[in-house]
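Listed below are the residues making up each chain.
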Amino acid sequence: MRTVAITGAVAFGASLMIFALSLDTRLLGDQSGYKPAQPIPYSHALHAGELKLDCLFCHTSAENSRHAGIPPLSTCMKCHETVLNRAGTSMGKSDPSPDIQKLREAYASGRGFEWVRIHRLPAHVTFPHSRHVRAGVACQSCHGEVQGMERVEQAMALTMGECLACHRTENQKQQLAGKPAQAPTDCSACHH
Ligand code: HEC
Ligand code: HEC
Ligand code: HEC
Ligand code: HEC
Ligand code: HEC
């Protein structure tokens, strides 16, 4: 009797644990806060914040295609052929900093960097950047204040609920202005 009760309890405990683990894997699907290190510490706070470079200067395809795109190192080299280190550091003007040295070598070798991808939707979802950017939805409404980030961090969870919440709000605004709704809520618009 006793062993049966114990085995039963252990089995029940184990199944609870498996249930908890599967819950955990679901929660891991929410990637907000994900902030991986990159091959070199490229700073948006410096380039898009202090130096005020436009997002589209580097993410050139956000306006015209599905993907925003990561710039090739030739975009960086437009400046870093001559900018070799941060102003006010002890390095001489002609000494590249270790990070700029790494950048120049990766460029010269043609290998580039393997940037760690941060935002990624599951394959069954279509997300077109161009439609959002051309409708005037700011990058920041989905990606947060990137121009203040030393290292990019995922701001939105990118769940279906978040997509739909904005689509409904945007459509209500359109309707109040007497215009047709533009942001789809039908399944096939986002799922193939
Ligand atoms: C000088 C070029 C440059 C400018 C300007 C720039 N970015 Fe980036 N961006 C990069 C590079 C390189 C990466 C990849 C490395 C990283 O994640 O930091 C990146 C990564 C990102 C990512 C993460 C992509 C992923 O993997 O999910 C987002 C989001 C982003 N940028 C948004 C912006 C926004 C918004 C602006 C304007 C406020 C901006 N960027 C301006 C070069 C740039
Ligand atoms: C429009 C010009 C411009 C572009 C384009 C640009 N940078 Fe810079 N970058 C600068 C300037 C200017 C500084 C130095 C700012 C200072 O003096 O503090 C700098 C600083 C840096 C630093 C820190 C330097 C150090 O001392 O280690 C790194 C790393 C860097 N950039 C990487 C990149 C990468 C990677 C790209 C391309 C994705 C890029 N930059 C594109 C102008 C640019
Ligand atoms: C309406 C929300 C939204 C807006 C606005 C938005 N993004 Fe994104 N962004 C996303 C989503 C969602 C992903 C992931 C897409 C995927 O996995 O297919 C993403 C991915 C990215 C990536 C990763 C690489 C790629 O090519 O997709 C970069 C870089 C990026 N966005 C930059 C930007 C920039 C720059 C802007 C403004 C010009 C912008 N985004 C506007 C939601 C948005
Ligand atoms: C505005 C875009 C959008 C619309 C419209 C939309 N979805 Fe989604 N859906 C998403 C995104 C993004 C995800 C992935 C993130 C997540 O799982 O929340 C997703 C995930 C899902 C998943 C997978 C959930 C899981 O656990 O992996 C199912 C099933 C789904 N959607 C069904 C539907 C159905 C049915 C409709 C129509 C009633 C619909 N979706 C409409 C964007 C959308
Ligand atoms: C901050 C608000 C906002 C968020 C968040 C947002 N969208 Fe949108 N979306 C819009 C607006 C506004 C439009 C209508 C654009 C227009 O007027 O053409 C739109 C349009 C679309 C379209 C229609 C494109 C077409 O060709 O008809 C798709 C698909 C879409 N969104 C998918 C998504 C998915 C998937 C997500 C979540 C990952 C998402 N959106 C998150 C505002 C948003």
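The name an unreviewed UniProt entry gives the chain is Class III cytochrome C domain protein, with Geothrix edaphica as the organism.

Draft legend 1. Spotlight on the site of ligand 5. Neighbouring residues of ligand 5: 20 residues in total, closest Arg-131, His-132, Cys-163, Cys-166 and His-167. Measuring from a nitrogen atom of ligand 5, one finds a side-chain N or O atom of His-167 at 2.8 Å. At the level of secondary structure, the elements contributing two or more residues to the shell around ligand 5 comprise helix H6 (129–134), helix H7 (140–143), helix H8 (160–176) and helix H9 (187–190). Of the residues forming the shell around ligand 5, the biggest block, four residues, is contributed by H8. Counted by class, the shell around ligand 5 contains 13 nonpolar, five polar and two charged residues.

Draft legend 2. Representation of the site of ligand 1. In the vicinity of ligand 1, 21 residues are found, and the nearest of them are His-44, Cys-55, Cys-58, His-59 and His-119. The separation between a nitrogen atom of ligand 1 and a polar side-chain atom of His-59 is 2.9 Å. Residue Ile-118 places a main-chain N or O atom 2.8 Å away from an oxygen atom belonging to ligand 1. Among the secondary structure elements, those contributing two or more residues to the shell around ligand 1 are helix H2 (44–50), helix H3 (55–58) and H7. Here the shell around ligand 1 is composed, by residue class, of 13 nonpolar, six polar and two charged.

Draft legend 3. Structural detail: the coordination of the iron atom of ligand 1. Protein coordination at the iron atom of ligand 1 comes from His-44 (NE2) and His-59 (NE2), with a distance range of 2.1 Å. Around the iron atom of ligand 1, the six donor atoms are arranged such that angles at the metal cover 88 to 179°; this shape is classified as octahedral. Here His-44, found in helix H2, pairs with His-59, found in the loop between H3 and helix H4 (73–80); they are 15 residues apart in sequence, far enough to count as distant. Look at His-44 and you get buried, because its relative accessible area is 16%.

Draft legend 4. Just the coordination of the iron atom of ligand 5, in detail. Surrounding the iron atom of ligand 5 are the protein donor atoms His-132 (NE2) and His-167 (NE2), which sit 2.0 Å from the metal. For the iron atom of ligand 5, the six donor atoms in the first shell make angles of 87 to 179° at the metal, so the coordination geometry reads as octahedral. Placement of the pair is His-132 in helix H6 and His-167 in helix H8, with a sequence separation of 35 residues. For His-132, a relative accessible area of 23% gives the class partly exposed.

Draft legend 5. Just the nonpolar core, in detail. Grouped together as the largest cluster of nonpolar side chains are eight residues: Ile-40, Leu-73, Met-77, Leu-84, Ile-100, Leu-103, Ala-106 and Phe-113. Of all the secondary structure elements, the ones that give two or more residues to this core are H4 and helix H5 (98–109). Among the elements that line this core, the one with the most residues is H5, at three residues. Not counting the four nearest positions on each side in its chain, Leu-84 is found in contact with Lys-93, Ser-94, Asp-95, Pro-96, Ser-97, Ile-100 and Arg-104.

Draft legend 6. Region of interest: the packing of H4 against H5. H5 packs onto H4 with a crossing angle of 130° between their chain directions and a minimal axis gap of 10 Å. When the axis of H4 is compared with that of H5, the two are oblique. At the point where H4 passes H5, the crossing takes the left-handed sense. Within the contact between the two elements, H4 uses Leu-73, Ser-74, Cys-76, Met-77 and His-80 and H5 uses Ile-100, Leu-103, Arg-104, Ala-106 and Tyr-107. Among the residues forming the contact of H4 with H5, the class breakdown is seven nonpolar, two polar and one charged.

Parameters and conventions
- Counting of residues starts from 1 at the beginning of each chain's written sequence and follows it residue by residue.
- Working convention: letters from A go to chains and numbers from 1 go to ligands, in the order in which they are written.
- For this predicted model, a pLDDT threshold of at least 70 governs which residues receive local features, and a threshold of 80 or more governs which side-chain atom pairs are given and counted, while totals over whole chains, interfaces and linings are taken from all residues.
- Side-chain calculation: all heavy atoms of the structure are included, whereas hydrogens and water are not.
- Nearness here has a simple test: a residue counts as near a molecule or strand if at least one of its heavy atoms is within 4 Å of that partner.
- Contacts described as polar in this section are N or O atom pairs within 3.5 Å, which, within protein, must combine one atom able to donate a hydrogen with one able to accept it, while residues neighboring in sequence count only if both atoms come from side chains.
- Runs of H or I in DSSP of at least four residues are treated as helices and runs of E of at least two as strands, each being numbered from the N terminus.
- Each residue is assigned to one class: nonpolar for Ala, Val, Leu, Ile, Met, Phe, Trp, Tyr, Cys and Pro, charged for Asp, Glu, Lys and Arg, and polar for all the others, Gly among them.
- The rule for donors is simple: an N, O or S atom within 2.8 Å of the metal counts, and for Na, K and Ca the reach is 3.2 Å. Water is not among the atoms, so a site may look short of donors.
- Geometry is assigned from donor-metal-donor angles: four donors are tetrahedral when every angle falls between 85 and 135 degrees, four are square planar and six octahedral when opposite donors sit over 155 degrees apart with all other angles between 65 and 115, and any other arrangement is irregular.
- Think of it in three bands: residues with accessible area under 20% of the maximum for their type are buried, residues over 50% are exposed, and the middle band is partly exposed, with areas taken using a 1.4 Å probe on protein chains only.
- What is meant by a nonpolar core is a set of buried Ala, Val, Leu, Ile, Met, Phe, Trp, Tyr and Cys residues, joined one to another through side-chain atoms within 4.5 Å.
- Residues are treated as being in contact if the distance between any of their heavy atoms lies within 4.5 Å.
- Between the N-to-C directions of two axes lies an angle of 0 to 180 degrees, each axis being a line fitted to C-alpha atoms and, for a helix, fitted only over the stretch in contact.
- Here roughly perpendicular refers to angles of 65 to 115 degrees, roughly parallel to angles under 35, roughly antiparallel to angles over 145, and oblique to all remaining angles.
- Each crossing gets its hand from how the near helix is turned against the far one by less than a right angle, where anticlockwise is left-handed and clockwise is right-handed.

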